[in-house]
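Architecture at a glance
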Amino acid sequence: MKKIVVMGANAARQKTLFFKSFRPGEVNRAVRMTEVASGKGINFCRAAKFWGRATAEVVQFAGGDNGKFLIDALIKEGITAHSVRCKAPLRICSTCIDKSTSSATELIEPSGAATAGECGEFVDLFENALAGASGVAVCGTLPGDTSPGLYMQIAHLAVKKSLPLLLDICKDVTPLLELPQTVLKVNREELGKITGKGEVSSGLSWLFERHKLQYAAITDGAGCAYASDGKTLAKYHIPALPEVANPIGCGDTASAILLSELLCGNDFISAFRAALGGASANAESWVPAEFDAARARELAAAVKVESCTLK
């Protein structure tokens, strides 16, 4: 089975509270709560595990008592993690789900920056984890004011080994788009921040005119998704779900399935269609990046794809 090593520098202890309705400015009593290890890198690994086409290992910072919770929780889940026990404590993310509107409100604690020494340990752990790897994923933000140079250090490890590189980041991503075998997977809002363009097609054209990335995949929640190799533009029409349990982790699920499928030899257009099916299946689950693979394939088959030339 293919192996993916994931940069998940800004992990979190994730608490999700479910409300019949959520009213800002008032007392809100949850009817249910879940608590799991999370963050984009961990969610990627969890989704890859449920999809079952590749294994994924995360490299992360894990400080304080919450960091210990994270490590212990991942052991129980069977997710391989390489952790830097840093000085700054791990953050808690609290998600408030309003069942009446199927909406989510995120409350995210600040993260402390990693020191230069801790970043060096992170790079060493990542390089050692790359033994036998088939691909690399860079997922999410960096904690606090950690130097963005850490992104490039990790990306160059992938380039050194000629490994495909999936980028699920928005801030400080531009220099990485010049690297070979690069796949950018962001949402519509993030594409606008990167390119300054309001339309997806113009944003994708801007990207491929200026950078050397191989593929780009754009999600937009329940709206249409898009994918391009710089020549073809594919538009994906996603069917409505009967009910949304928890939208957190959908993008991470899409990233995990997309790279898994590409590494297994699937073409890009089909790989992203499978990824969107997984993202939809995740929205029906209480836990971020947890889903039923058979349901994901069923939903993927219902996604309609139309293609045209990217102008």
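Above this text you will find the structure in question.
Reference entry: report on the structure contained in this document. (Residues numbered from 1 in each chain as written. Predicted model: local features only at pLDDT ≥ 70, side-chain atom pairs only at ≥ 80, totals over all residues. Heavy atoms only, no water.)

So, the sheet that holds strand 10 (residues 182–187)
Let me state the cut-off plainly: A pair of strands is labelled paired if DSSP reports no fewer than 2 bridges between them. Each helix is a run of DSSP H or I of at least 4 residues and each strand a run of E of at least 2, with the numbering of both proceeding from the N terminus. Between the N-to-C directions of two axes lies an angle of 0 to 180 degrees, each axis being a line fitted to C-alpha atoms and, for a helix, fitted only over the stretch in contact. Should any heavy atoms of two residues lie within 4.5 Å, those residues are considered in contact.
Spatial ordering of the open sheet is given by 5-4-1-8-9-10-11-12-13-14, a layout of 10 strands whose pairing is mixed. In the strand order of this sheet, the two ends are held by strand 5 (80–84) and strand 14 (304–309), each with one partner. Each adjacent strand pair in this sheet contributes to an overall mean axis angle of 15 degrees, direction not counted. Sheet analysis places strand 12 (residues 225–228) next to strand 13 (residues 232–237), joined by four bridges and oriented antiparallel. Following the sheet pairing, Ala227 is matched in strand 13 by Ala234. Seen against the sheet, helix 1 (residues 40–51) touches strand 1 (2–7), strand 4 (54–61), strand 8 (135–139) and strand 9 (165–168) and runs at an angle of roughly 165 degrees to strand 4. Relative to the sheet, helix 2 (residues 64–77) contacts strand 4 and strand 5, its axis offset from that of strand 4 by approximately 170 degrees.

A look at the sheet that holds strand 6 (residues 92–98)
Reading across from one edge, 3-2-6-7 is the order of the four strands in this open sheet, with mixed pairing throughout. Pairing within the sheet leaves two strands with one partner each, and these edge strands are strand 3 (32–38) and strand 7 (103–108). Pairs of neighbouring strands in the sheet enclose a mean axial angle of 20 degrees, with direction left out of account. Bridge count for strand 2 (residues 12–19) against strand 3 is seven bridges, and the pairing is antiparallel.

A few points about the nonpolar core
The condition that has to hold: Nonpolar cores are built from buried Ala, Val, Leu, Ile, Met, Phe, Trp, Tyr and Cys residues. Side-chain atoms within 4.5 Å join them into one set. Exposed residues in this analysis have more than 50% of their type's maximum accessible area, buried residues have under 20%, and partly exposed residues fall in between, with area computed by a 1.4 Å probe over protein chains only.
Residues Ile4, Phe44, Leu258 and Phe272 are the most contacted members of the largest nonpolar core, which totals 53 residues. Considering every element that reaches this core, the biggest residue donor is helix 8 (residues 268–283), with nine residues. Those residues in contact with Phe44 that sit more than four places away from it in its chain are Ile4, Val6, Ala56, Ala137, Cys139, Leu166, Asp252, Ser255, Ala256 and Leu259. Counting 47 residues, the second-largest nonpolar core is a separate cluster that includes Ala158, Leu167, Val186 and Leu204.

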